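Each chain, written out:
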Amino acid sequence: RGLDCPGEELALPAVEVLADVARGTPPSLGDEVVVVGGGNTAMDAARTAVRLGARSVTVLYPRTKREMPCLMFEVEAAEAEGVRLDTLVAPVRLERAGEGALRLTCVRMELGAPDSSGRPRPVPIPGSEFELQATCVIAAIGQSVDLSPVDAAQLALSKWGIAADAK
């Protein structure tokens, strides 16, 4: 599921980018930013890249817009800010392409049978590889919540977060 990045890590983790911005030390992203992922963190990273001055911001997601796990108003807000959404696309390789440039090799996808999440599973289309150029790639895939503080405080959880007493 991750990107094949020969050598050092080439993609910036979205949560680190957002944390740096919140601390007042935003990273330099350059003009062409690609965000990989379809959750709320991906949309936040994409919108943040626009606000930091990126000329072009594209979000790649291997399923359709309908299957994205983020809140749909987040996608709509990102698109309203100029973010381009490219669905049914999966990155397969990321490498340097010169000073300050990255080359992201991607493959087009089609939807197959449902996976364990119940969503149609993306399947690569043979021969559909293409390349994108970027100054920065932000990876917003595979985030999970650290529940250890919740467990330590012995708080009850609902599917939406911490369970609260309605009164």
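Residues numbered from 1 in each chain as written. Predicted model: local features only at pLDDT ≥ 70, side-chain atom pairs only at ≥ 80, totals over all residues. Heavy atoms only, no water.

**Student:** Could you give an account of the overall build of the protein, with specific residues and numbers?
**Tutor:** Across its full length, the protein carries four helices and 11 strands. When each of the 167 residues of the protein is scored for burial, the buried share is 34%. Taking the contacts inside the protein whose residues are at least 6 apart along the sequence as the reference set, 60% of them involve residues at least 24 apart. Carbon and sulfur atoms form 52% of the exposed surface of the protein, whose accessible area is close to 9700 Å². (Helix = DSSP H or I, 4+ residues; strand = E, 2+ residues; numbered from the N terminus. Buried < 20%, exposed > 50% of the residue type's maximum accessible area, 1.4 Å probe, protein only. Contact = heavy atoms within 4.5 Å. Areas by Shrake-Rupley, 256 points an atom, 1.4 Å probe, with all protein chains shown as cover.)

**Student:** Residue-level account of the side chain of Ser 128, with values.
**Tutor:** Turning to its location among the elements, Ser 128 is positioned in the loop between strand E7 (120-124) and strand E8 (130-134). Of the polar contacts made by the side chain of Ser 128, one reaches the backbone nitrogen of Arg 108; its length is 3.0 Å. Within the structure, the side chain of Ser 128 is placed 2.6 Å from the backbone oxygen of Ile 125, a separation counted as a polar contact. (Polar contact = N/O pair within 3.5 Å; in protein donor to acceptor, adjacent residues only side chain to side chain.)

**Student:** So what's going on with the packing of helix H2 (residues 40-51) against helix H3 (residues 72-80)? Which residues, and what values?
**Tutor:** Two numbers describe how H2 lies on H3: the axes approach to 10 Å, and their chain directions differ by 15°. Classified by the interaxial angle, the pair formed by H2 and H3 is roughly parallel. For H2 against H3, the interelement crossing comes out left-handed. Contacts between H2 and H3 involve Asn 40, Met 43, Asp 44 and Arg 47 from the first element and Glu 74, Val 75, Ala 77 and Ala 78 from the second. Of the residues assigned to the contact of H2 with H3, the class counts are four nonpolar, one polar and three charged. (Axes fitted to C-alpha atoms, helices over the stretch in contact; angles between N-to-C directions. Parallel < 35°, antiparallel > 145°, perpendicular 65-115°, else oblique. Left-handed = near helix turned anticlockwise from the far one by under 90°. Nonpolar A, V, L, I, M, F, W, Y, C, P; charged D, E, K, R; others polar.)

**Student:** How would you summarise the pattern of salt bridges if you had to cite specific residues and measurements?
**Tutor:** In total, this model carries 11 salt bridges according to the counting rule given. For the salt bridge of Arg 55 with Glu 32, the shortest nitrogen-to-oxygen distance reads 3.6 Å. In this pair, Arg 55 is assigned in the loop between H2 and strand E3 (56-61) and Glu 32 in strand E2 (residues 32-36), connecting sequence segments 23 residues apart. Put simply, Arg 47, Arg 51, Glu 74 and Glu 81 are held in one network by salt bridges that share partners. (Salt bridge = Lys/Arg side-chain N within 4 Å of Asp/Glu carboxyl O.)

**Student:** Describe the environment of Gly 30, listing the residues and the values that go with them.
**Tutor:** Here Gly 30 shows up in the loop between helix H1 (14-22) and E2. For the pair formed by Gly 30 and Ala 134, sequence separation is 104 residues and the distance between their alpha carbons is 8.4 Å. Not counting chain neighbours up to four residues away, the residues in contact with Gly 30 comprise Ala 54 and Thr 135.

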